[in-house]
Amino acid sequence: MSHRELLATAAAVAVALVLAGCDDEDEIATDRDTLTDPIADVAALGGYLFTTNEDRSGHGGSQIDLFKFAPGGFPEGRFGLGLNGMGYLAACSDGESLYLQARGTGQLFAVSPVGEIGWTRADPFVGSHALACGIAWRADVDSFVVIYRDPGTTTYTTVQYGPGFAGESSLPETHELSLFDPATGVRAVTWLDGWLWALGADTTGAAVVQGFAGGVVTRYFTLPDETACGLTAVDGTLVVAYPDRRFEAIDDEKEP
């Protein structure tokens, strides 16, 4: 078994132990705060929007669900993922499944639209020098794009991986994204029209979305609500998610 496989197996075992909890229910709280938890990143699949809650309960047991929304924001379903302690989960879709990545550890999950976890893997790039900041799907080359940040800087690295993260990866590309506050960095990314679009806060605290590719930066948009937490693309339009489960399309005719 390779080192990466060992890491992924260890992570899966750790999650299972958390869920197993304690035989004595009096010794562990399992109450859930999914009703009031903020949501994390968002992904589009099959005409719906999918997201997870950013678990704030601090309790044991299964605390993270997959939520399904109609494009207008009407809730269509909720599916337990059997996960705990993942924090903010970045999200994207390849048109068949959903893919989640834990911000803190880089742990990756392949998930069906009804919350079935197909596999979990350790990110091969995350380490002490890099923090995972978002994941996107490039349909034009059948590849995932993951963006990482050097903590405390505006220097970012993108790496492409093949389907299922099993294929060969591309050589890392470095990008200087000075628009984003180095203290907080990019929150989420999505791919649209040949650009990787990034969501984050600028140095004034305003939420901004900026597109870039191959070292070239395109126009950016300032959002009216600084709490924006997720980003995806639906039918050629960028859609932003907010912690209170609102979804808003960005006017692509707006000038920087």
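Preceding this paragraph is the structure being described.
An account of the accompanying structure is given in this report. Throughout, a residue's number is its position along its own chain's written sequence, starting from 1. Restriction of local features to residues with pLDDT of at least 70 applies here, the model being predicted, together with a cutoff of 80 or more for giving and counting side-chain atom pairs; totals for whole chains, interfaces and linings are based on all residues. Side-chain measures here rest on the full set of heavy atoms in the structure, leaving out hydrogens and waters.

The next subject is the overall build of the chain. Across its full length, the chain carries one helix and 19 strands. With a 1.4 Å probe rolled over the protein chains alone, any residue whose accessible area is under 20% of its type maximum counts as buried; one over 50% counts as exposed, and the rest are partly exposed. By the burial criterion, 48% of the 256 residues in the chain qualify as buried. In this analysis, two residues are considered to be in contact whenever any of their non-hydrogen atoms come within 4.5 Å of each other. Long-range contacts, defined as pairs at least 24 residues apart, comprise 41% of the intrachain contacts of the chain with a sequence gap of at least 6. For the accessible areas, the method is Shrake-Rupley and the probe is 1.4 Å, while residue cover comes only from the protein chains on display. Accessible area of the chain: about 11800 Å², with a carbon and sulfur share of 52%. In DSSP terms, a helix is any run of H or I states spanning at least four residues, a strand is any run of E spanning at least two, and both are numbered starting from the N terminus.

Note on aromatic contacts: the rings of Phe and Tyr and the six-membered ring of Trp form a pair at centre separations within 6.5 Å, being stacked when their planes are under 30 degrees apart, edge-to-face when over 60 apart, and tilted otherwise. With the rule as written, the count across this model stands at nine aromatic pairs. A centroid spacing of 4.6 Å and a plane angle of 70° characterise the contact between Tyr99 and Phe144, whose relative ring orientation is edge-to-face. Within this pair, whereas Tyr99 is found in strand S6 (residues 98–102), its partner Phe144 is found in strand S10 (residues 143–149), the two being separated by 45 residues in sequence. Of the two residues, Tyr99 and Phe144, both sit in the buried class.

Our next topic: the sheet that holds strand S9 (residues 131–138). Think of a sheet as strands paired side by side through backbone hydrogen bonds, with each pair either parallel or antiparallel. Paired strands, in this sense, are two strands between which DSSP finds at least two bridges. Spatial strand order, S9-S10-S11-S12: four strands in an open sheet with antiparallel pairing. Either end of the sheet is taken by a strand with one partner, and the two such strands are S9 and strand S12 (173–176). Across this sheet, the average inter-strand angle for adjacent strands is 25°, counted without regard to direction. Inspection of the sheet shows S10 paired to strand S11 (residues 155–161) by six bridges, in the antiparallel sense. Paired with Tyr148 across the bridge in S11 is Thr157. Axis definition: a line fit to C-alpha positions, over the contact stretch in the case of helices; interaxial angles, taken between N-to-C directions, run 0 to 180 degrees.

Below, the discussion takes up the pattern of salt bridges. Salt bridges are defined as contacts in which a side-chain nitrogen from Lys or Arg sits within 4 Å of a carboxyl oxygen from Asp or Glu. For the coordinates displayed, the defined rule picks out four salt bridges. Here Asp140 makes a salt bridge to Arg138, at a shortest N to O gap of 2.6 Å. Residue class for Asp140 comes out exposed when judged on its relative accessible area of 52%. The partner of Asp244 in a salt bridge is Arg246, with the nearest N and O atoms 2.9 Å apart. Given a relative accessible area of 49%, Asp244 falls into the partly exposed group.

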